[in-house]
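What the coordinates show
Residue strings, one per chain:
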Amino acid sequence: MDAIRIERVSKSFGKGVIALDEVSLSVPEGDLFFLLGASGCGKTTLLRMIAGLEKPNGGSIYFGHRNVTNVPTHKREAAMMFQSYALWPHMTVGENVAFGLEERGIDGDELVDRTLEALKGVRLEGYEDRRIDQLSGGQQQRVALARALVVRPKCLLLDEPLSNLDAGLRLEMRGEIRRIVKEYKLTAVYVTHDQEEALSVADKIAVMNKGKVEQ
């Protein structure tokens, strides 16, 4: 079964700026699916639409059999990890990870247990009381991943998550992201302009150019 289905989705910004031109694609359940293309090809716009952060001008988006085109972000069972990580420096690692659970009204022992479980999943046991500025770039990225995983999403969305890391860390985190996706049985959509990155870890790749899927 396809976890995500995009049907003839279009998006334009202002006059004559077409970001997506009737894009259709299917993401099989449990796949690590890459959107590959140069800057400005529409891949991040498509990812933001899957997340519910942008609305299409036309077309439909399905999660399984459910049409989520007009469903708000927090009701889609998807979690997005941004290029900048978007961590709060005034919070500890544990507080950053727990934030999404608090927003969903989860507290007490369940909040603590799920936070520690998510940190264990990204191999950061014992880091819950550290400050964000005490972490390396790779560790910060793991915190961002834990924050996405803690809400137990069905779909994980990643927007160029390795672009801020040095070459050695990028190689390490490629394998970590694939391990986490498979271990948690997630469907993941991953945006990159790096062909080597896509070929090394993807189950499937859609090559985008000028708002269209070329292959």
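Reference entry: report on the structure contained in this document. (Residues numbered from 1 in each chain as written. Predicted model: local features only at pLDDT ≥ 70, side-chain atom pairs only at ≥ 80, totals over all residues. Heavy atoms only, no water.)

Of note in this structure, glutamate 160 is not a glycine but carries a positive phi near 45°. Relative to the assigned elements, glutamate 160 resides in the loop between strand S7 (155-159) and helix H5 (167-183). Classification of glutamate 160 by relative accessible area gives buried; the value is 13%. Of note, lysine 185 is a non-glycine position whose phi angle comes to about 55°, a positive value. (Helix = DSSP H or I, 4+ residues; strand = E, 2+ residues; numbered from the N terminus. Buried < 20%, exposed > 50% of the residue type's maximum accessible area, 1.4 Å probe, protein only.)

To continue, consider the pattern of salt bridges. The full count for this structure, using the stated rule, is 17 salt bridges. The shortest N-O distance in the salt bridge between glutamate 183 and arginine 179 comes to 3.2 Å. Residue glutamate 183 and its partner arginine 179 are both found in helix H5; the two are separated by four residues, about one turn of the helix. Among the residues examined, arginine 179 registers a relative accessible area of 18% and is labelled buried. The structure contains a network of salt bridges with shared partners spanning Arg123, Arg142, Glu172, Glu176, Arg179 and Glu183. (Salt bridge = Lys/Arg side-chain N within 4 Å of Asp/Glu carboxyl O.)

Contact geometry of helix H2 (residues 93-103) with helix H4 (residues 137-149) gives a least axis separation of 7 Å together with a crossing angle of 30°. When the axis of H2 is compared with that of H4, the two are roughly parallel. In terms of crossing hand, the pair formed by H2 and H4 is right-handed. Taking contact as the criterion, the partners of Val93, Asn96 and Val97 in H2 are, on H4, Val143, Ala146 and Arg147. Here the contact of H2 with H4 is built from residues that sort into four nonpolar, one polar and one charged. (Axes fitted to C-alpha atoms, helices over the stretch in contact; angles between N-to-C directions. Parallel < 35°, antiparallel > 145°, perpendicular 65-115°, else oblique. Left-handed = near helix turned anticlockwise from the far one by under 90°. Contact = heavy atoms within 4.5 Å. Nonpolar A, V, L, I, M, F, W, Y, C, P; charged D, E, K, R; others polar.)

Quick look at the sheet that holds strand S1 (residues 2-13) now. Strand order in the open sheet made by the four strands is S2-S1-S4-S5, with antiparallel pairing throughout. In the strand order of this sheet, the two ends are held by strand S2 (17-28) and strand S5 (66-67), each with one partner. As defined by bridge partners, strand S4 (residues 58-63) adjoins S5 across two bridges and the pair is classed as antiparallel. Each residue of the ladder has a partner; that of phenylalanine 63, found in S5, is arginine 66. (Pairing = 2+ DSSP bridges.)

Taken in spatial order, the six strands line up as S6-S7-S8-S3-S9-S10 in an open sheet, and their pairing is mixed. Edge positions in the sheet fall to strand S6 (78-81) and strand S10 (212-213), since each has one partner strand and no second. Bridge count between strand S9 (residues 204-209) and S10: two bridges; the pairing is antiparallel. Following the sheet pairing, methionine 208 is matched in S10 by valine 213. Where H4 meets the sheet, its contacts fall on S6 and S7, and the angle it forms with S6 comes to roughly 165°.

What follows covers the packing of aromatic side chains. Aromatic rings considered in pairs are described by the distance between their centres and by the relative angle of their planes. Following the criterion strictly, the structure yields two aromatic pairs and no others. Ring geometry for phenylalanine 34 and tyrosine 190: centres 4.1 Å apart, planes at 15°, overall stacked. Note that phenylalanine 34 is positioned in strand S3 (residues 32-36) and tyrosine 190 in strand S8 (residues 187-192), a separation of 156 residues in sequence. Tyrosine 190 sits in the buried class, given a relative accessible area of 2%. Judged by centre distance (4.6 Å) and plane angle (50°), the ring pair of tryptophan 88 and phenylalanine 99 falls under tilted. In this pair, tryptophan 88 is assigned in the loop between S6 and H2 and phenylalanine 99 in helix H2, connecting sequence segments eleven residues apart. By relative accessible area, which is 29% here, tryptophan 88 ends up partly exposed. Assessed through its relative accessible area of 26%, phenylalanine 99 is described here as partly exposed. (Phe/Tyr/Trp six-rings, centres within 6.5 Å; stacked < 30°, edge-to-face > 60°.)

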